[in-house]
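The chain contents come next:
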Amino acid sequence: MTTTASTTAPIADARALGLAHYAARGVLEHVLARHGATFQQQIALRAAVTADAPRTPNDLVTEVRGSLKADPSDIRATLDELLAKQLLVADGAHLRPTDAGRELIAAVGAEAAPITARIWGGIPDEDLTAAGRVLALVAARANAELAALAA
């Protein structure tokens, strides 16, 4: 008896989303480890590097919390780590990325780019568009649930 592979795509669900997230995050964390950085440090530093204007620590905590749903005290500890590593510098009430911080973000991006291209390459545009719509809807619904739980 022979079996054939199913041509039916699996249905997206919370488990599939989680597995995809952690697989991709694992790749990024491997790259970050070579640079002595953590995932949360990279998210916080990227928020500072890509900001249109200097950000206060509270601004960065709010932005990172919106992305990672992490505890504010953990995010503040991450900002302290970035200051200690001289990847961020205090400038009055604001935190600014240093040249070293900008270089780290650029180096991680450059190293991750070919890996990202291999992971995402060849996926049809219509599949990416459909996935984007579904992921945006899931994120919006999950954020609404988090807000209701916090209320």
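Residues numbered from 1 in each chain as written. Predicted model: local features only at pLDDT ≥ 70, side-chain atom pairs only at ≥ 80, totals over all residues. Heavy atoms only, no water.

**Quick look at helix 1 (residues 14-34)**
End to end, helix 1 covers 30 Å across 21 residues, agreeing with the expected 30 Å (1.5 Å per residue, within 8%). Taken together, the buried positions of helix 1 are occupied by Leu28, Val31 and Leu32. For helix 1, the arc enclosing every buried residue in end-on projection is 100 degrees, short of the 170-degree limit, so these residues lie on one face. Of the exposed residues in helix 1, the ones pointing more than 90 degrees away from its buried face are Arg15, Tyr22, His30 and Ala33. Phi for Gly36, located one or two positions after helix 1, is positive at around 70 degrees. (Helix = DSSP H or I, 4+ residues; strand = E, 2+ residues; numbered from the N terminus. Expected span 1.5 Å × (residues − 1). Buried < 20%, exposed > 50% of the residue type's maximum accessible area, 1.4 Å probe, protein only. Arc of directions from axis to C-beta.)

**Notes on the nonpolar core**
The biggest cluster of nonpolar side chains holds 25 residues, and the ones touching the most others in it are Leu45, Leu79, Leu82 and Leu88. Looking at this core, the elements with two or more residues in it are helix 1, helix 2 (39-50), helix 3 (57-68), helix 4 (72-84) and helix 5 (99-120). The element contributing the most residues to this core is helix 2, with seven residues. Non-local contacts of Leu45, meaning those with residues more than four positions away in its chain, are made with Leu82, Leu87, Leu88, Pro97, Gly101, Leu104 and Ile105. (Core = buried A, V, L, I, M, F, W, Y, C linked by side-chain atoms within 4.5 Å. Contact = heavy atoms within 4.5 Å.)

**Quick look at the packing of helix 2 against helix 3**
One can describe the packing of helix 2 onto helix 3 by two numbers: an axis separation of 10 Å at closest approach and a directional angle of 125 degrees. Taken together, the axis directions place helix 2 and helix 3 in an arrangement best described as oblique. Seen along the crossing, helix 2 lies across helix 3 with a hand that is right-handed. Along the contact surface, helix 2 presents Phe39, Gln40, Ile43, Ala44, Ala47 and Ala48, while helix 3 presents Leu60, Glu63, Val64, Ser67 and Leu68. (Axes fitted to C-alpha atoms, helices over the stretch in contact; angles between N-to-C directions. Parallel < 35°, antiparallel > 145°, perpendicular 65-115°, else oblique. Left-handed = near helix turned anticlockwise from the far one by under 90°.)

**As for the pairing of strand 2 (residues 94-97)**
Going residue by residue along strand 2, you find Leu95 and Pro97 tucked away on one face and His94 and Arg96 left uncovered on the opposite face. Here four bridges tie strand 1 (residues 88-91) to strand 2, and the two strands are oriented antiparallel to one another. Within strand 2, the position partnered with Asp91 by the bridge is His94. (Pairing = 2+ DSSP bridges.)

**A few points about the environment of Leu137**
By the element assignment, Leu137 lies in helix 6 (residues 125-150). Residues Leu137 and Thr38, 99 residues apart in the sequence, show an inter-C-alpha distance of 28 Å.

Such coordinate-based values are descriptive only and should not be taken to indicate function.
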